[in-house]
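Each chain, letter by letter, is given below.
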Amino acid sequence: MKDQNCIFCKIANGDIPSATLYEDDDFRVILDLGPAAKGHALILPKEHFADLYELPDEIAAKALVLAKKIASKLTEILKCDGFNVVQNNGVCAGQTVFHFHIHLIPRYENDHVGLGWTPGKLTEEDKAEILVGFSE
Ligand code: AMP
Ligand code: ZN
């Protein structure tokens, strides 16, 4: 299903031009217009799924295989030193386009790309709550 108002539906299906690195029946991979680092790419499914929660298992499985393939090729081309695979769900998590996508972000020594967080502490209370939830 496509969403008429979704920019990534239009890009993924070729209605809006993009710098396309790869395309198959299920996905288009494009260069991000606002890259965090040189070579920042986005994996877009051609069908509209708002986020990871909506993604069918089959597409989810294919997406990670594709992430590996594209990250390997970009590493070969760009000679980057590392890679982040990032996927945001929800406004509070930084999602701004509500069509599932995976960020592929090449990393370079001392690139100062800000993807870090301050580590907290796993409390006994939180651990118990989560483990109980998983055992139910
Ligand atoms: P997110 O914040 O995870 O939803 O990521 C959205 C990403 O899409 C950002 O990195 C934007 O730079 C990128 N973006 C938004 N519009 C376009 C576009 N038309 N072409 C390429 N990348 C885009
Ligand atoms: Zn869409």
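I will try to describe carefully the structure that is included in this document. Quick caveat: nothing in here was measured; it's all calculated off a predicted structure.

The next thing to look at is the site of ligand 1. As a matter of local geometry, ligand 1 sits amid 16 residues, with D32, G94, T96, H101 and H103 nearest to it. Between ligand 1 and D32, the relevant distance is 2.5 Å, taken from an oxygen atom to a side-chain nitrogen or oxygen of the residue. At a separation of 2.9 Å, an oxygen atom of ligand 1 approaches a polar backbone atom of V97. Elements represented by at least two residues in the shell around ligand 1 include exactly helix 1 (7–12) and strand 2 (27–31).

The next subject is the coordination of the zinc ion (ligand 2). Working reference: metal with six octahedral donors, ideal angles 90 or 180 degrees; metal with four tetrahedral donors, ideal angle 109.5 degrees. Bound to the zinc ion (ligand 2) are the protein donor atoms C6 (SG), C9 (SG), H48 (ND1) and H99 (ND1), situated 2.0 to 2.3 Å from the metal. Around the zinc ion (ligand 2) sit four donor atoms, and with donor-metal-donor angles ranging over 104 to 117 degrees the site reads as tetrahedral. Between consecutive donors of the zinc ion (ligand 2), the numbers of intervening residues give the motif C-x2-C-x38-H-x50-H. Of the two residues, C9 is situated in helix 1 and H99 in the loop between strand 4 (82–86) and strand 5 (102–107); the sequence distance between them amounts to 90 residues. Accessibility assignment for this pair places C9 and H99 in one class, buried.

Conventions we followed
Residues numbered from 1 in each chain as written. Chains lettered and ligands numbered in written order. Predicted model: local features only at pLDDT ≥ 70, side-chain atom pairs only at ≥ 80, totals over all residues. Heavy atoms only, no water. Near = heavy atom within 4 Å. Polar contact = N/O pair within 3.5 Å; in protein donor to acceptor, adjacent residues only side chain to side chain. Helix = DSSP H or I, 4+ residues; strand = E, 2+ residues; numbered from the N terminus. Donors = N, O, S within 2.8 Å, 3.2 Å for Na, K, Ca; no water. Tetrahedral: all angles 85-135°; square planar, octahedral: opposite > 155°, others 65-115°. Buried < 20%, exposed > 50% of the residue type's maximum accessible area, 1.4 Å probe, protein only.

Geometric descriptors of this kind do not, in isolation, establish any biological role.
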